[in-house]
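# Observations on chain architecture
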Amino acid sequence: AIDPQFHENREKVGEENGIAVWGPVDEPEELGIRGTHVAVDYDLCIADGACLEDCPVDVFEWVDTPDHPESERKAEPTHEAQCIDCMLCVDVCPVDAIDVDAG
Ligand code: SF4
Ligand code: F3S
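Residues numbered from 1 in each chain as written. Chains lettered and ligands numbered in written order. Predicted model: local features only at pLDDT ≥ 70, side-chain atom pairs only at ≥ 80, totals over all residues. Heavy atoms only, no water.

## What about the sheet that holds strand S2 (residues 19–22)?
We count it as follows: At least two DSSP bridges between two strands are needed for those strands to be called paired. Secondary structure elements follow DSSP: runs of H or I of four or more residues count as helices, runs of E of two or more count as strands, with numbering from the N terminus.
Across the sheet, five strands lie side by side as S1-S2-S3-S4-S7; this open sheet has antiparallel pairing. Edge positions in the open sheet fall to strand S1 (12–16) and strand S7 (98–100), since each of these has one partner strand only. Sheet analysis places S2 next to strand S3 (residues 33–34), joined by two bridges and oriented antiparallel. Paired with Val 21 across the bridge in S3 is Arg 34.

Below is the structure:
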């Protein structure tokens, strides 16, 4: 599962599409955690898609990640600023790749 303490345990190494990238990153195999309020561990995401389908405010968008060992696309929390903290995405992700910091 995604480390809920990633803010402390990882370093922010950049941004992509305005979304924070938390390392380590070694493309294409290792992509790190993306997002801050809504965070997705790209190295866990298997592109199930439940988060995209269920989020009531459409926070997520697909991004292509060719040659990643788990899946060739990931759910980017592109619109994390719109999140209403319903926690649905956290509940539906089959691999616990999502953390929402509702505190
Ligand atoms: Fe969307 Fe709710 Fe997840 Fe926020 S907590 S990203 S509103 S499903
Ligand atoms: Fe990925 Fe989980 Fe969404 S596997 S696509 S973060 S439901």
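Next, the rest of the story.
## So, the side chain of His 68
Operational definition: Any pair of N or O atoms that falls within 3.5 Å is considered a polar contact. Within protein, one atom must be able to donate a hydrogen and the other to accept it, and sequence-neighbouring residues count only if both atoms are side-chain atoms. Whether two residues are in contact is decided by their heavy atoms, any of which lying within 4.5 Å being enough.
Here His 68 shows up in the loop between strand S5 (61–64) and strand S6 (73–76). Separated by 3.1 Å, the side chain of His 68 and the backbone oxygen of Glu 29 make a polar contact. Residues within four places of His 68 in sequence aside, it is in contact with Pro 28, Glu 29, Glu 30, Leu 31, Tyr 42, Asp 43 and Lys 74.

## So, unusual backbone geometry
Of note, the amide linkage connecting Gly 23 to Pro 24 takes the cis form, showing an omega dihedral of 0°. In this fold, Pro 24 is placed in the loop between S2 and S3. A cis geometry characterises the amide bond from Glu 27 onward to Pro 28, with omega recorded as 5°. By secondary structure assignment, the location of Pro 28 is in the loop between S2 and S3. Although it is not a glycine, Asn 17 sits at a positive phi angle of roughly 55°. Tracing the chain through its elements places Asn 17 in the loop between S1 and S2. In this structure, Met 87 is a non-glycine residue whose phi angle is positive, near 70°. Assignment of secondary structure puts Met 87 in the loop between S6 and helix H3 (88–92).

The quantities given are spatial measurements derived from coordinates; they are silent on function.
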